[in-house]
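What follows is the residue order along each chain.
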Amino acid sequence: MRNPSRRKRSSQNRPDLDISVKGFHFAFSLRTYVMGVLNTTPDSFSDGGKYYDTEKAITRALEMAREGADIIDIGGESTRPAAYDVSEDEEMRRVIAVVRAISKKIEVPISIDTRKAAVAESAIKEGASIINDVSGMKHDPNMAKVAARNNVAVILMHMKGTPRDMQSSPRYRDVVADIIKSLKESIGIARHAGVKEKKIIIDPGIGFGKTVEHNLEILNRLDEFKALGRPICVGTSRKSFIGKVLNLKDPNDRLAGTIATSAISVMNGANILRVHDVRQGCSTAAMADSILRIKRS
Ligand code: HH2
């Protein structure tokens, strides 16, 4: 008889999911990694304005590295619901100086959170080694080519619609099956442009064109995304579905909800947690990992 708990756990020890980026090896078969969020925006939903200033952003990146971040994810365009697009020039102005400065100061891999190929390529020139594209390479036709040409790792996230319209009554036939189908298309776009399969990470895109129930169901069924055969990144940090479940308006009050959802994500197959609170994120990952990987008697 099939044992569902064994099935869930079986892909935890798959070295073929490991990814190498410039000078760093992610051994996903051994542990969960933590990606620290750094938004150099005036309007991000939880830390907007806090790191808009380049010096403050650099200071925070160094602090996240000390706190144990495995990746620093730098973004210059808010993708919160109803956000307006930012011009390429403005996005470059917000992120490139920060990438340049921190890549000289720390060894931690830097990912660039952008939908724009030109921003990604400039960030790579300054030291970024991962592209985190919330559109799953469906926004900018040049993104996949940039990733392939530079041989960087990519995070392909699922988003339904655009930040402008994604929260206007999103509907799915089967939320997990539909997202898997869309992520397969994203993987296809990347592969077609020459991105190596072993450089691809997928992300179901918590909060991007999803109701509260959709987000909860995705986390409950996260193990099904393992069917794509790629490492899974999950970002629940401070998001509004936590606020709705726990009745907490202020994103800064959502740490307990972030920890709970992150631990469950790890148990259900997440390989990377994208979080604002790096110290707590690292403890969450380590605690969940130790339970997940305990040798059963
Ligand atoms: N969430 C946000 C932005 N980028 N990237 C990935 N891979 N996964 C996510 O869940 C994800 C992401 C939104 O969070 P945040 O960056 O804090 O807010 P904003 O978009 O308002 O800057």
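The present account deals with the structure reproduced in this document.

This brings us to the overall build of the protein. A count of helical and extended segments in the protein gives 10 helices and 10 strands. For 297 residues, the compact-globule formula gives about 19 Å, and the C-alpha radius of gyration of the protein, at 18 Å, lands near that figure. Considering the protein as a whole, with its 297 residues, one finds that 57% of them fall into the buried category. In the protein, 69% of the contacts between residues at least 6 apart in sequence involve partners at least 24 apart. Charge centroids of the protein, computed over 48 positive and 36 negative side chains, lie 5 Å from each other.

What follows is about the site of the ligand. Near the ligand you find 18 residues, and of these Ser44, Ser78, Asp203, Lys239 and His276 are the closest. At a separation of 3.1 Å, an oxygen atom of the ligand approaches a polar backbone atom of phenylalanine 45. A distance of 2.8 Å separates a nitrogen atom of the ligand from a polar side-chain atom of asparagine 132. Here the ligand loses 98% of its free accessible area of 480 Å² to cover by the protein chains. Mapped onto the shell around the ligand, the elements with two or more residues apiece are β3 (33–39) and β7 (153–157). Residue composition of the shell around the ligand, grouped by class: six nonpolar, seven polar and five charged.

Turning to its location among the elements, threonine 41 is positioned in the loop between β3 and α2 (54–67). Residue contacts for threonine 41: discarding those within four places in its chain leaves Gly48, Gly49, Tyr52, Gly75, Gly76, Glu77, Ser78 and Arg94.

To continue, consider helix α10 (residues 278–292). Here α10 contains 15 residues, and its C-alpha end-to-end distance of 20 Å stays within 8% of the 21 Å for a straight helix at 1.5 Å per residue. Along α10, the residues classified as buried are Val278, Gly281, Cys282, Thr284, Ala285, Ala288, Asp289 and Leu292. Angularly, the buried residues of α10 cover 160° about the axis, an arc narrow enough to put them on a single face. Exposed and oriented more than 90 degrees from the buried face of α10 are Arg279 and Met287.

Buried residues dominate strand β4 (residues 71–75), accounting for five of its five residues. Burial of β4 is two-sided: the residues Ile71, Asp73 and Gly75 facing one way and the residues Ile72 and Ile74 facing the other way are all buried. Pairing of β3 with β4, which is carried by five bridges, proceeds in the parallel orientation. When the sheet's bridge partners are listed, glycine 36 is paired in β4 with isoleucine 72. Examined bridge by bridge, β4 and strand β5 (residues 110–113) share four bridges and lie parallel to one another. Within β5, the position partnered with glycine 75 by the bridge is aspartate 113. With helix α3 (residues 88–105) bridging β4 and its parallel neighbour β5, the resulting β-α-β unit is right-handed.

Conventions used here
- Residues numbered from 1 in each chain as written.
- Predicted model: local features only at pLDDT ≥ 70, side-chain atom pairs only at ≥ 80, totals over all residues.
- Heavy atoms only, no water.
- Helix = DSSP H or I, 4+ residues; strand = E, 2+ residues; numbered from the N terminus.
- Rg over C-alpha atoms; globule rule 2.2 N^0.38 Å.
- Buried < 20%, exposed > 50% of the residue type's maximum accessible area, 1.4 Å probe, protein only.
- Contact = heavy atoms within 4.5 Å.
- Lys, Arg positive; Asp, Glu negative; His and termini not counted.
- Charge placed at Lys NZ, Arg CZ, Asp CG, Glu CD.
- Near = heavy atom within 4 Å.
- Polar contact = N/O pair within 3.5 Å; in protein donor to acceptor, adjacent residues only side chain to side chain.
- Areas by Shrake-Rupley, 256 points an atom, 1.4 Å probe, with all protein chains shown as cover.
- Nonpolar A, V, L, I, M, F, W, Y, C, P; charged D, E, K, R; others polar.
- Expected span 1.5 Å × (residues − 1).
- Arc of directions from axis to C-beta.
- Pairing = 2+ DSSP bridges.
- Right-handed = clockwise from strand over helix to strand, strands pointing away.

Note that every value here comes from positions in space, so none of it alone points to a role or purpose.
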